[in-house]
Amino acid sequence: MVKLIQLTVAILLTFSVITTSSQAHAHNRSQSFSDWEITDNIATAVFTAKSREVTRLQSQTNQSLDTLLVSHLISAISVSQDNLPCSSTEVARPIPSALGYVRVRLAFDCGASLGDISISINSFFNVASSHVHYANMSLNGEPSYQYLFTNKQRQHEITNQLATSSHWFDSITQFVLIGIEHIFGGIDHIAFLLALLLLLRSLKALVWMVTGFTLGHSITLALATLGWVIPDLDIVEAAIGFTIALVAVQNIAVLTGKHRQITYFSVAGLLLIVLINLIWNIGLSALSGLGLALFTLAYLWNSADEYLSANLRLLTSVIFGLIHGFGFASALTETGLASAQLLPALLGFNLGIELGQIVIIAVVWVLLQQMRQSRFITDTRLVIDLVSAALCGLGLYWFIGRSYGII
Amino acid sequence: MKSTLGLTTNQRSLTLLICGSILGILVAASDPYVSVSGDTTVVAWVNDTAIGKAQYSQALALYSQEKRSPANAKDRTLVLDRLIEEELLVQKAVNDGALRNNLSVRQRTLQTILDSIQSDAVATNGSNTESSDKALEGYIEQLRINATIEWLSPPSIVKQARQ
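Because the structure is a prediction, the values reported are computed rather than measured. (Residues numbered from 1 in each chain as written. Chains lettered and ligands numbered in written order. Predicted model: local features only at pLDDT ≥ 70, side-chain atom pairs only at ≥ 80, totals over all residues.)

Assigned secondary structure in chain A consists of 13 helices and ten strands. Counting over 407 residues, chain A shows a buried share of 43%. Intrachain contacts of chain A at a sequence separation of at least 6 include 73% that bridge at least 24 residues. (Helix = DSSP H or I, 4+ residues; strand = E, 2+ residues; numbered from the N terminus. Buried ≥ 20, exposed ≤ 12 C-beta atoms within 10 Å, placed from the backbone. Contact = placed C-beta atoms within 7 Å.)

Here you go:
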């Protein structure tokens, strides 16, 4: 009994560490955006940040968020040409914005010099080192290109030849970095990959799984980024949490052989969510809940048959990939992509996701192999049980929290 | 096979799965992130509308100034209660369409918005009538840009009809 309590405490600790980390809110990253127009050495910008982000700047004086952001940006943004600072042509001022956002307009005059303009953005980095700023720059009416400002890269030279192949390449490179940053920063995607890998033993199965997942998320990432499909992000976010819980539950079902009982229990839980929606009209829609219940029924039921399960691995991985791809797309489109940059952004971002995914899978795979061969870990089953239970809890935390708008 | 817990290995797996699941649901339902991580940008919700920490701190500071002493726990509850009541009244007014139907409410709201834009401009750029007028003009211009305005009759016809 004492050991059971110890185990429960172990799950509790694992779970608490993950849920209380800032990344448990995987899609609440610290970020801001700006749109720049540079013509005849005059640079005008509209800076946008979430109100929540601006509260980080909260000072002792009780200024409004608009005033707070204006004061911050006056010192945080500077424009120069040939190493000479450009002067402000008009005072930075707040402009109307959507609910939950603050927008500020700034303008700089760089005089008559002919050199390339250099823009330095230092906003929010002193209060959030992981902050990312996406700036869309349009030079002399040309299609705009996006520049990424991070804690390490706070300055960019805006050249007069934006539409060259080197810029196309730069653009892809930037989005590769954004893709890598997204997958490493999105603990839900990592948790899902970990859950998928826990029981995989053969390299062939791994290849099928990775291929299916990549195919699936590439399809929906492209469809949503190009605007051909507009997913309901709340459902997507909840479904991502659900996939983690489902795969973790499947791991335990495979280990225990109690597929039938676990399937019934899981489907009953989902039907309860459907019922709650039908009675009180809250949370995940009844149709979505029914869809998930049907999928769970088929997925867990089939996992009882090892042969069938192995044959369907590619298909199920594609389905999981389709759901996660919409999540990736929301991160990409949130950056306010310029239309001219859509293709390099899509290619770069997907490549970044793949690179990050390969690194995560390789590390987890090696760790799992090491654990199985280790003399120090005598009960590998216990480790898999514990990790699966923690992942199931984490997946349900996201699924329930996001379904009911709690987190 | 019996595990070290006196349970079979399968029972242990299922027990852990149930513990993990219950924990996940409980943690989500109690939203510990807000309290555990110190992320307290929202202090209360009134019918899905947040009362932000900044708004609360501002009200508390004003209250302390009036009282001329630091606010205690009772004062803090009072201030938050006041903000909640205020929000309830605002929601009632919005639902009843007071801003659209009540001329007095409409005029006072407009004046407050105009004052707020101008005072923000003064706070940022110092006391300068020209810059605050410019800020106001810019603000309205942005509203026009973002709005969809459709004239059903050309302005000249409307003018003639009025004459």
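The structure having been displayed, the exposition proceeds.
For chain B, the count of helices and strands is eight helices and two strands. Secondary structure of chain B in N-to-C order comes out as α-α-β-β-α-α-α-α-α-α.

Moving on: the nonpolar core. Nonpolar side chains in soluble globular proteins generally cluster together in the buried interior. All names here are of chain A. In this structure, Ala 195, Ile 244, Ala 245, Val 249 and Leu 391 are the most contacted members of the largest nonpolar core, which totals 73 residues. What Ile 244 contacts, discounting residues up to four positions off in sequence, is Asp 188, Ala 191, Phe 192, Ala 195, Leu 391, Leu 394, Gly 395 and Trp 398. One finds Ile 77, Phe 108, Tyr 134 and Tyr 147 within the second-largest nonpolar core, a separate group that totals 40 residues. (Core = buried A, V, L, I, M, F, W, Y, C linked by C-beta atoms within 7 Å.)

All names here are of chain A. Alternating residues of strand S3 (residues 77-81) divide into Ile 77, Val 79 and Gln 81, all buried, and Ser 78 and Ser 80, none buried. Strand direction decides the pairing type here: S3 and strand S7 (residues 117-121), joined by five bridges, are antiparallel. Across the sheet, Ser 80 pairs through a bridge with Ser 118, a residue of S7. Sheet topology places S3 next to strand S4 (residues 84-85); two bridges connect them, and they run antiparallel. Residue Gln 81 lies in a different strand from S4, and its bridge partner there is Leu 84. (Pairing = 2+ DSSP bridges.)

Across the sheet, which stays open at both edges, the four strands sit in the order S4-S3-S7-S10 (chain A) with antiparallel pairing between neighbours. The open sheet has two edge strands with one neighbour each: S4 and strand S10 (155-158) of chain A.

Within the fold, Arg 381 of chain A resides in helix H13 (residues 380-403). Expressed as a C-alpha distance, the spacing of Arg 381 of chain A and Leu 255 of chain A, which sit 126 residues apart in the sequence, is 8.4 Å. Sequence-distant contacts of Arg 381 of chain A, defined by excluding residues within four places in its chain, comprise Leu 255 of chain A together with Thr 9 of chain B.

This part covers the confidence of the model for chain A. Averaged over every residue, the pLDDT of chain A is 83; residues scoring 70 or more account for 86%. The element-level mean pLDDT for chain A is lowest in helix H1 (residues 2-20) of chain A, coming to 55, with helix H8 (residues 259-280) of chain A highest at 93. (pLDDT = per-residue confidence, 0-100.)

All right, on to the packing of H13 of chain A against helix H1 (residues 9-30) of chain B then. Two elements in contact, H13 of chain A and H1 of chain B, have axes separated by 7 Å at closest approach and are oriented at 25°. Classified by the angle between their axes, H13 of chain A and H1 of chain B sit roughly parallel to one another. Handedness of the H13 of chain A/H1 of chain B crossing: right-handed. (Axes fitted to C-alpha atoms, helices over the stretch in contact; angles between N-to-C directions. Parallel < 35°, antiparallel > 145°, perpendicular 65-115°, else oblique. Left-handed = near helix turned anticlockwise from the far one by under 90°.)

So, on to the sheet that holds strand S1 (residues 31-39) of chain A. Residue and element names in this part refer to chain A. Strand order across the open sheet formed by six strands is S5-S6-S2-S1-S8-S9, with mixed pairing between neighbours. Looking at which strands have only one partner, the edges of the open sheet turn out to be strand S5 (87-95) and strand S9 (145-149). Between one strand axis and the next, the sheet turns by 20° as a mean value, whatever way the strands run. Across eight bridges, S1 lies against strand S2 (residues 42-50) in antiparallel orientation. Across the sheet, Asp 35 pairs through a bridge with Val 46, a residue of S2. Along the sheet, helix H3 (residues 65-76) contacts S2, S5 and strand S6 (101-109); its crossing angle with S6, the most-contacted strand, is approximately 35°.

Let us look at the environment of Lys 53 of chain B. Residue position: Lys 53 of chain B is located in helix H3 (residues 53-67). Sequence separation between Lys 53 of chain B and Val 42 of chain B is eleven residues; the distance between their C-alpha atoms is 5.3 Å.

What follows concerns the pairing of strand S2 (residues 49-52) of chain B. Residue and element names in this part refer to chain B. Where strand S1 (residues 42-46) lies against S2, four bridges are found, and the strand directions are antiparallel. Within S2, the position partnered with Ala 44 by the bridge is Ile 51. Where S1 folds back onto S2 in an antiparallel hairpin, the turn is made up of two residues, including Asn 47, whose phi is positive at roughly 45°.

The next thing to look at is the packing of helix H5 (residues 187-197) of chain A against helix H7 (residues 233-256) of chain A. Residues and elements named next belong to chain A. Between H5 and H7, the shortest axis-to-axis distance is 9 Å and the interhelical angle comes to 20°. Looking at the two axes, H5 sits roughly parallel to H7. As for the relative orientation of H5 and H7, their crossing is left-handed in sense. Across from Asp 188, Ala 191, Phe 192, Ala 195 and Leu 196 in H5, the residues of H7 making contact are Ile 240, Gly 241, Thr 243, Ile 244, Val 247, Ala 248 and Asn 251. Of the residues contributing to the contact of H5 with H7, the split by class is eight nonpolar, three polar and one charged. (Nonpolar A, V, L, I, M, F, W, Y, C, P; charged D, E, K, R; others polar.)

Here we come to the confidence of the model for chain B. Residues and elements named next belong to chain B. Of the residues in chain B, 74% reach a pLDDT of 70 or more, and the chain-wide mean stands at 74. In this model residues 32-40 is a low-confidence stretch, pLDDT under 50, and it forms 14 contacts with partners more than four residues away in sequence or in other chains. Confidence metrics for the complex model read pTM 0.65 and ipTM 0.71.

Here we come to H13 of chain A. Residues lying three or four places apart along an α-helix face the same way, a consequence of the helix completing one turn every 3.6 residues. Given a rise of 1.5 Å per residue, 24 residues ought to cover 34 Å, and the 34 Å separating the end C-alpha atoms of H13 of chain A matches this to within 8%. The buried fraction of H13 of chain A is high, at 19 of 24 residues. (Expected span 1.5 Å × (residues − 1).)

Let us now look at the environment of Ile 74 of chain A. Here Ile 74 of chain A shows up in helix H3. In this structure, the C-alpha to C-alpha distance between Ile 74 of chain A and Arg 93 of chain A, residues 19 residues apart in sequence, is 9.8 Å.

Bringing unusual backbone geometry into the picture now. All names here are of chain A. At Asp 82, a residue that is not glycine, the phi angle is positive and equals roughly 50°. With respect to the helices, strands and loops of the structure, Asp 82 is situated in the loop between S3 and S4. Judged by the 12 C-beta atoms lying within 10 Å of it, Asp 82 is exposed. Phi is positive for Phe 124, close to 65°, though the residue is something other than glycine. Relative to the helices and strands, Phe 124 resides in the loop between S7 and strand S8 (132-139). Under the C-beta neighbour-count criterion, Phe 124 is labelled buried, with 26 such atoms within 10 Å.

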